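Summary of the model geometry
Okay, here's what each chain looks like letter by letter:
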Amino acid sequence: MGCGNCSSGGCAPAGCKSNGSCLTDGGCNKLDVYDWFAGMDMPSNYKPFLVVEIKFKGSRKEFYLNADNLYLEIGDLVSVESGAGGYDVGHVSLTGELVRLQLKAKGETEASVTKKIYRKTTQIEVEKWKMAKELEHETMHQARKIALEMRLSMKLSDVDYQGDKSKATFYYTADGRVDFRELIKRLADTFRVRIEMRQIGMRQEASRLGGIGSCGRELCCTTWLTDFKTVTTSAARYQNLSLNTLKLAGQCGKLKCCLNYELDNYMDALKDIPDDITSLQTQLGTATLLKTDIFKKMMWFAIKGEEHWIPLSIEKVKEIYEMNKKGEKPQNLKDVAIIEEMLSDVPDLDYENVVGQDSITRLDNRDRRKKNNRNTNQQHQSSHKKITVQPTINANNNTRNNRRNNKPRPNQGGNAPNTNRS
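These lines cover the structure that appears in this document, whether it is placed above or below. (Residues numbered from 1 in each chain as written. Predicted model: local features only at pLDDT ≥ 70, side-chain atom pairs only at ≥ 80, totals over all residues. Heavy atoms only, no water.)

Applying the stated criterion across every chain, the model contains 21 salt bridges. For Glu-62, the salt bridge identified is with Lys-115, shortest N-O distance 3.5 Å. With Glu-62 in strand S2 (residues 61–65) and Lys-115 in the loop between helix H1 (97–105) and strand S5 (117–120), this residue pair connects regions lying 53 residues apart in the sequence. What makes Glu-62 partly exposed here is its relative accessible area of 23%. Lys-115 sits in the partly exposed class, given a relative accessible area of 27%. With its nearest N and O atoms 3.4 Å apart, the salt bridge here joins Lys-297 to Asp-272. Of this pair, Lys-297 sits in the loop between strand S10 (285–293) and strand S11 (298–303) while Asp-272 sits in the loop between helix H9 (263–269) and strand S9 (279–282), placing them 25 residues apart in sequence. Owing to a relative accessible area of 27%, Lys-297 belongs among the partly exposed residues under this scheme. Taken together, the shared-partner salt bridges connect Lys-57, Arg-60, Glu-62, Asp-88, Lys-115, Lys-133, Glu-136, Asp-158, Asp-160 and Arg-208 into one network. (Salt bridge = Lys/Arg side-chain N within 4 Å of Asp/Glu carboxyl O. Helix = DSSP H or I, 4+ residues; strand = E, 2+ residues; numbered from the N terminus. Buried < 20%, exposed > 50% of the residue type's maximum accessible area, 1.4 Å probe, protein only.)

What follows is the structure in structure tokens.
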């Protein structure tokens, strides 16, 4: 979001830390909606839709009436009516005909929108709004200390100041009901503002705070997901996932919402798979069901004492099961014709080893090569030292011998040589 779409005066970016200066405090892509009608030419007699969608902190969105028919663009800061008195400051997130569709999707009508947009936010209101936002972090920590002193079984997760700094909304999570009447009095005396306590669930808390999921992307509840459906462990069982709490739980501590994304496809595929067949009787013994491939329509069986698993199609499993009901038993499940017929439909996949990515021990091999290279270098260095040191010693010995040989000898007569110079 560029500075051209923001009325904050072109200040330094805060929140998303990108090229914008919208002060959204938590990302510019929270519950964004792409305006498909933005580049379309409207008819000459077209009357613009007067309801505008405004976005606040923590992915909170509300609809407001543009009674004065102000020219608004996505990203503009506006001062809107607050239900508790005063005004609040938010960003324009959607305008035009898409707002009509959003109202219809949420079961609301244009007549139900009563709150109004006052004006585009002035510079003085922007500065006051900034000051209110800067107080939220310190306010939350002080409120947590007060709640701990009062020994209340609740967790304060976020604080949201109103744009005019006259009201603070505290969001908290708790397992049960909490009597926070005394807490409200202490908070009001400490911060000198009107206090509102609002209880939210674990998923709503993760949605407000945001984060990165195990998939490497931003949380779905933060970016686009608004309908929190119930997620149970049966969704993991239908998809043949291991019931590992650490892998199935999200940052909110609940089961991941993405477990429901592909559940309908699994449920449709499970209609053709019998759920009451767990074993088949053969002349060699009882074959127990070990694995079911839902989308390939295959079931793997194994006879006790044998290592190999026998894949069978769903039609063949039903046929053998009907034979067992009549008291008949097939001689052997290892029918090559059945296996070849089943495996012929499965395409052969060619894999290419890209720089050893499919090798589990590639890191061990790399470490081993490093150790071998290190040992080789040490051997080379030691050998070079032996070679270079020996000539140095010989050179020193030769120098000493030359000095000894070139040393002047006394005369045999015992007279010292005459060294006087004229």
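Taking strand neighbours across the sheet as the criterion, the 4 strands line up as S9-S10-S11-S12 in an open arrangement whose pairing is antiparallel. Where the open sheet ends on each side, the last strands, each with one partner, are S9 and strand S12 (310–313). When the angles between neighbouring strand axes are averaged without regard to direction, this sheet yields 35°. Alignment of S9 against S10, held across 4 bridges, turns out to be antiparallel. When the sheet's bridge partners are listed, Gln-281 is paired in S10 with Thr-286. (Pairing = 2+ DSSP bridges. Axes fitted to C-alpha atoms, helices over the stretch in contact; angles between N-to-C directions.)

Here we come to the environment of Phe-63. Summarising the element assignment, Phe-63 is placed in strand S2. Among the residues examined, Phe-63 registers a relative accessible area of 10% and is labelled buried. Each C-alpha atom, one on Phe-63 and one on Glu-108, is 9.8 Å from the other, the two residues being 45 residues apart in sequence. Those residues within four positions of Phe-63 in sequence are excluded, and the remaining contacts are Val-51, Val-52, Glu-53, Val-99, Gln-102, Leu-103, Lys-106, Glu-108 and Val-113. (Contact = heavy atoms within 4.5 Å.)

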